[in-house]
Amino acid sequence: MTRPGGTWQNWGRSASVRPVRVERPRTPEGVQRAVKAAARQGLTVKAIGAGHSFTGIAVAPGVLLELDDMQGLVSADRETGLVTLLAGTRLHRIPGLLAPYGLAMENLGDIDRQSISGAISTGTHGTGARFGGIATQVRGLTIITAEGEFLRIDGEQNSEMLPGAVVGLGALGVVVEVTLQCVPAFVLQAVDAPQPLEQALDTIHDQVAASDHVEFYWHPHTDVALTKTQTRLPESARREPLPAVGHWVDETLLTNGVFRVFCATSRIAPGIIPPFNRLAVKLTGDASYSDQSHRVLIHRRTVRFREMEWAIPAEHVVPAFREVQQLIADKGWKIEFPVEVRFAEADDLWLSTASGRDSAYIAVHRYWRADPREYFDAVEQIMAGYGGRPHWGKLHSLTADQLRERYPRFDDFVALRDRLDPDRMFGNRHLERILGA
């Protein structure tokens, strides 16, 4: 968001900038004009979506393009499931746009405030060992290049670029349209259940193999895993959604309202964190329901936080998790936010965190007013030992040389960037660190 006075801040308040100019184009042609004008003035350009990346990936010291007015459906084909959206379209608007066509996105993350272009560009993902991240649903992109030209990349035009351009980090151009492969709308049967943590760890691989979607949350200072398991059903399946009052109590009152007060209080009284976490696992995480896919996959998160997340080979998830658990115990830290564990299928996108390997994700969080550096740095060291790849939109300290070792197609991506943006019109300091000058 851009605040009065021209300063932009991301949602997590971990990055900010005062750009030379802010523009709000309403059409792809408007983006084209803005890019050409910036080029004539020798200014860099960055497009932002919802500001949900915790890194400086969207920081725009030159021209900042806000794409809030570029939302909506460009085209949809019920028969093929191919849907084209304007790049600024928020994920939470997409189910309503797809409903008249009987379609849905194949998988989603656990929040839906991001724009579609921001979500794919940073590798946003959900969970499910037979499903990839949101970027794997992309079948085409239209971008505005540094020369101010429209470039279509899909299965028929410039197809060799597609695996590299989808998770493009905003480094190749400004995405103005995204074409997705959607699926027939479906229902999810969900079971949220607390399990003894040791039982969950001992059986996690079996659970993941047996179910469509599995994840769990562990509140530090407890011995309980809050598991979420979902099974895909046809749209015609009977729906039994959570009762409205119970859903409000769990998500609005407890998960957001009470938790916000707890996080603020824990800053001055960290001793309340362990007993509160033990109480939290008794009050939440036990339900069975079924509903439209997006209503089950998405959760409302209003308590501001900062996050680090690592993708590691799925077979290493248990030892890596145990090291994080032991780290917190050894350091005596009081950690207010849960640790989240999810899964994804291998894909062939050059900079996808699941590129070439079935992956598990371990995410750690801190309240936005708490200093996360010591905790995050220590977790980063653990994940490095398992070949960890950081989520492109979440905090980490790796550089281009370190990332090159983790991505077999890293240099291919850099070469594509050199081809499309040799003068780094779409660059910033963060991209310089993670991709090189």
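Quick caveat, the model's predicted, so the values are computed rather than measured. (Residues numbered from 1 in each chain as written. Predicted model: local features only at pLDDT ≥ 70, side-chain atom pairs only at ≥ 80, totals over all residues. Heavy atoms only, no water.)

Describing the overall build of the chain
Which entries qualify depends on this criterion: Numbering goes from the N terminus for both helices and strands, where a helix is a DSSP run of H or I of at least four residues and a strand is a run of E of at least two. Atoms counted for the radius of gyration: C-alpha only. Globule rule: 2.2 Å times the number of residues to the power 0.38. Exposed residues in this analysis have more than 50% of their type's maximum accessible area, buried residues have under 20%, and partly exposed residues fall in between, with area computed by a 1.4 Å probe over protein chains only. Residue contacts are defined here by distance: any two heavy atoms, one from each residue, within 4.5 Å place the two residues in contact. Only the protein chains shown count as covering a residue, and every accessible area follows the Shrake-Rupley method with a 1.4 Å probe. The charge count treats Lys and Arg as positive and Asp and Glu as negative. His and the chain ends do not count. Charged groups are reduced to one reference atom each: NZ for lysine, CZ for arginine, CG for aspartic acid, CD for glutamic acid.
Across its full length, the chain holds 13 helices and 20 strands. Relative to its length of 437 residues, the chain is compact, with a C-alpha radius of gyration of 21 Å against a globular reference of 22 Å. Based on the C-alpha atoms only, the size of the chain along its principal axes is roughly 60 × 50 × 45 Å. Burial status across the chain gives 58% buried among its 437 residues. Within the chain, contacts between residues separated by at least 24 positions form 73% of all contacts whose residues are at least 6 apart in sequence. If you sum the accessible surface of the chain, you get close to 17,800 Å²; carbon and sulfur atoms cover 51% of it. Here the chain contributes 48 positive and 52 negative side-chain charges, whose respective centroids are spaced 8 Å apart.

Describing the sheet that holds strand β15 (residues 224–234)
In plain terms, the rule: At least two bridges found by DSSP between two strands is the condition for calling them paired.
The strand order across the open sheet built from eight strands is β16-β13-β15-β14-β18-β19-β17-β20, with neighbouring strands paired in antiparallel fashion. Of all strands in the sheet, those with a lone pairing partner are β16 (287–292) and β20 (389–390), marking the two edges. Here 11 bridges tie strand β13 (residues 186–196) to β15, and the two strands are oriented antiparallel to one another. When the sheet's bridge partners are listed, Leu188 is paired in β15 with Arg232.

Quick word on the sheet that holds strand β9 (residues 138–144)
Stated precisely, the cut-off is as follows: Orientation is described by lines fitted to C-alpha atoms, with helices fitted over the stretch in contact, and by angles between N-to-C directions that extend from 0 to 180 degrees.
In spatial order, the strands read β6-β7-β11-β9-β10; together these five strands make up an open sheet with antiparallel pairing. Every other strand in the sheet has two partners, leaving β6 (73–76) and β10 (150–154) as the edge strands with one partner each. Sheet twist, expressed as the mean angle between neighbouring strand axes with direction ignored, is 15°. Relative to β10, β9 runs antiparallel, the two sharing five bridges. Residue pairing for β10: Ile144 is matched across the bridge by Phe150. Running at roughly 145° to strand β11 (residues 174–181), helix α1 (residues 28–41) makes contact with β7 (82–86), β9, β10 and β11 of the sheet.

A few points about the packing of helix α9 (residues 317–331) against helix α10 (residues 373–384)
Angle between the axes and distance between the axes: these two values describe a pair of packed helices. Keep this limit in mind: Left-handed describes a crossing in which the near helix is turned anticlockwise from the far one by less than a right angle; the clockwise case is right-handed. Throughout this entry, Asp, Glu, Lys and Arg are counted as charged residues, while Ala, Val, Leu, Ile, Met, Phe, Trp, Tyr, Cys and Pro are counted as nonpolar. The remaining residues, Gly among them, count as polar.
Remark: α9 packs on α10, axes separated minimally by 10 Å, with the N-to-C direction vectors making an angle of 150°. Where α9 crosses over α10, the handedness of that crossing is right-handed. The residues of α10 that touch α9, namely those facing Ala320, Glu323, Val324, Leu327 and Ile328, are Tyr375, Ala378, Val379, Ile382 and Met383. Across the contact of α9 with α10, the residue classes break down as nine nonpolar, no polar and one charged.

Let's talk about the pairing of β11
Counted residue by residue, β11 has seven buried out of eight residues, so it is predominantly covered. By the bridge criterion, five bridges tie β7 to β11 in an arrangement that is antiparallel. Looking at β11, one finds that Leu85 is bridged to Val178.

Observations regarding the side chain of Asp110
Where we set the bar: Distance and chemistry together define a polar contact, namely a pair of N or O atoms within 3.5 Å, with one atom able to donate a hydrogen and the other to accept it when in protein, and with adjacent residues in sequence counting only for side-chain atoms on both sides.
Of note, Asp110 is situated in the loop between β8 (103–104) and α3 (116–121). There is a polar contact of 3.3 Å between the side chain of Asp110 and the side chain of Tyr217. Among residues more than four places away in sequence, those in contact with Asp110 are Tyr217, Leu297, Ile298, His299, Arg301, Glu340 and Arg342.

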